[in-house]
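Below, each chain spelled out in residue letters.
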Amino acid sequence: MPNKIDVEIEEKRKSYPINIDSDNVENLKNKILKDFNFSKYLVVISEKVYKLYGKQLGFSKDDLFILKDGEIQKNIKNYQKILQCCEKKGLNRKSAIIAVGGGVVGDIAGFVAATFMRGMNFIQVPTTLLACVDSSVGGKVAIDTEYGKNLVGTFYQPNAVYINLNFINTLDERQYKSGLAEVVKYAFIEKSCEARFDYGLYDFLSVHYQKILDRDLRFLEKIIKVCIELKISVVTKDEKEAGLRKILNFGHTYGHALEKITNYKTFTHGEAVAYGIHFIFNYAHKLKLIDANYKELAVVLMHKFGFFDKTFKYPIEKLIEIMKKDKKADDENIKVILPTMKGYVKEDILNINEVLLKSDF
Ligand SMILES: NC(=O)c1ccc[n+]([C@@H]2O[C@H](COP(=O)([O-])OP(=O)(O)OC[C@H]3O[C@@H](n4cnc5c(N)ncnc54)[C@H](O)[C@@H]3O)[C@@H](O)[C@H]2O)c1
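Residues numbered from 1 in each chain as written. Predicted model: local features only at pLDDT ≥ 70, side-chain atom pairs only at ≥ 80, totals over all residues. Heavy atoms only, no water.

Draft legend 1. Seen up close, the domain arrangement of the chain. Parsing the chain into structural domains produces domain 1 (18-167) and domain 2 (176-357). Centre-to-centre, using C-alpha coordinates, domain 1 lies 26 Å away from domain 2. Contacts between domain 1 and domain 2 engage 24 residues on the former and 31 residues on the latter. Here domain 1 and domain 2 share an interface that buries about 2400 Å² over both sides, 70% of which is from carbon and sulfur atoms. The three residues of domain 1 that bury the most area against domain 2 are Leu-129, Val-133 and Lys-149, which together make up 26% of that side's buried surface. Across the salt bridge formed by Glu-259 and Lys-149, the nearest N and O atoms sit 3.5 Å from each other. At the surface where domain 1 touches domain 2, the tally comes to seven residue pairs in polar contact (both at pLDDT 80 or more). Sorting the residues of the side of domain 1 that touches domain 2 by element identifies strand 1 (18-21), helix 5 (129-135) and strand 7 (148-155) as the ones contributing at least two each. Take the side of domain 1 that touches domain 2: its biggest share by element is six residues, from helix 5. Per-class residue counts for the side of domain 1 that touches domain 2 are 13 nonpolar, six polar and five charged. (Domains from an automatic or database assignment. Contact = heavy atoms within 4.5 Å. Buried area = accessible area lost by both parts, 1.4 Å probe. Salt bridge = Lys/Arg side-chain N within 4 Å of Asp/Glu carboxyl O. Polar contact = N/O pair within 3.5 Å; in protein donor to acceptor, adjacent residues only side chain to side chain. Helix = DSSP H or I, 4+ residues; strand = E, 2+ residues; numbered from the N terminus. Nonpolar A, V, L, I, M, F, W, Y, C, P; charged D, E, K, R; others polar.)

Pasting the structure below:
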């Protein structure tokens, strides 16, 4: 017998449909069960979404795990509780986890689906704008730990995503804008996403921002589709973030540090990302990595959506320490996604000395 055996495993490619409509929410359950015919399933649903849509959705109470709201719920205790629920219900690999809610529900429910019995079926029903344009697609699932956000997780693609635009109507203004921050992010990274088409997202947002702020369904549908196309273009080329996928973290390194320093209580994810985008544009401009015109274009678009630049009382030294612990960092360096030209970004190392020197960061 040789004492070295090579194992070659062909990565299983899983394709899945993303359904987008504004059908009656009452039809959703039947649609999913008609498409998949699961005999057993557990619906993980956010408390707020349950209060708003529980009746219309029509799932039996026995099939529900109601998750309290907030980022702090994406924790190991709730992960264990959902696992226990799966065990009590006798779920198996052929069963499904159906996540109904925002990114918090999608992330934790997806992590359960990925790990219970080493993987079961997983359906995403995103109900926030952020989850529609970003977190429900691409297969990142995770929980937070005391050391940081999304520190325990994996990549696990859903069997299908059901986007119903009606859910967006009941989002409060803050949560809606939180989703818009991820939409605006796509405008700044679009050209680096290597998509099949040039969607001109920056210009589209710039012209139609009022319709979008007014939640006009036609415009909403368009931006959701474009963001998903861009995300798919990236994640199909680099599912596990070995290279290209890192561009999706534009604005996130600083944003995650802001969320962490405030114990996830002060900013929504999108708000933190918006400040992260401002930070990185300021940085790139100060270090002359982009010209003043592009910085101005970025600021104008951010302002149109109500994302204003702001300096914080949180000391930059502390934020830098947190950024050093980011998953994307190595021992010494903080890796960031930098804007280079309109719609283009690249990965680079943050010049910590420059950040510390320029007191207004
Ligand atoms: N997996 C990924 O690729 C990925 C990408 C981006 C963000 N995320 C994660 O997503 C999370 C943020 O997601 P989020 O912004 O959706 O926040 P969230 O899930 O906390 O939802 C925000 C709030 O909106 C409420 N809500 C949800 N749907 C509603 C509706 N239709 N009407 C009224 N209220 C509703 C929720 O109950 C919650 O209180 C973070 O944990 C972030 O790390 C994951």
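Draft legend 2. Molecular detail of the packing of aromatic side chains. Going through the model one piece at a time under the given rule, you end up with 16 aromatic pairs. Ring centres of Tyr-209 and Phe-305 lie 6.4 Å apart, and the angle between their planes is 75°; this geometry places the pair in the edge-to-face category. With a gap of 96 residues between them, Tyr-209 in helix 7 (residues 201-213) and Phe-305 in the loop between helix 11 (292-304) and helix 12 (316-324) connect regions that are remote in the sequence. With a relative accessible area of 2%, Phe-305 lands in the buried category. (Phe/Tyr/Trp six-rings, centres within 6.5 Å; stacked < 30°, edge-to-face > 60°. Buried < 20%, exposed > 50% of the residue type's maximum accessible area, 1.4 Å probe, protein only.)

Draft legend 3. Main features of the site of the ligand. Residues in close proximity to the ligand total 26 residues, the closest being Asp-69, Glu-71, Thr-127, Thr-128 and Lys-149. Interatomic distance of 2.5 Å between a side-chain N/O atom of Glu-71 and an oxygen atom of the ligand. Asp-107 places a polar side-chain atom, nitrogen or oxygen, 3.0 Å from a nitrogen atom of the ligand. Protein burial of the ligand: of its 870 Å² of free accessible surface, 92% is covered by the chains. Those elements that provide at least two residues to the shell around the ligand are helix 2 (47-57), helix 4 (103-115), helix 5 and strand 7. Here the shell around the ligand gets four residues from one element, more than from any other, and that element is helix 2. Residues that form the shell around the ligand fall into these classes: seven nonpolar, ten polar and nine charged. (Near = heavy atom within 4 Å. Areas by Shrake-Rupley, 256 points an atom, 1.4 Å probe, with all protein chains shown as cover.)

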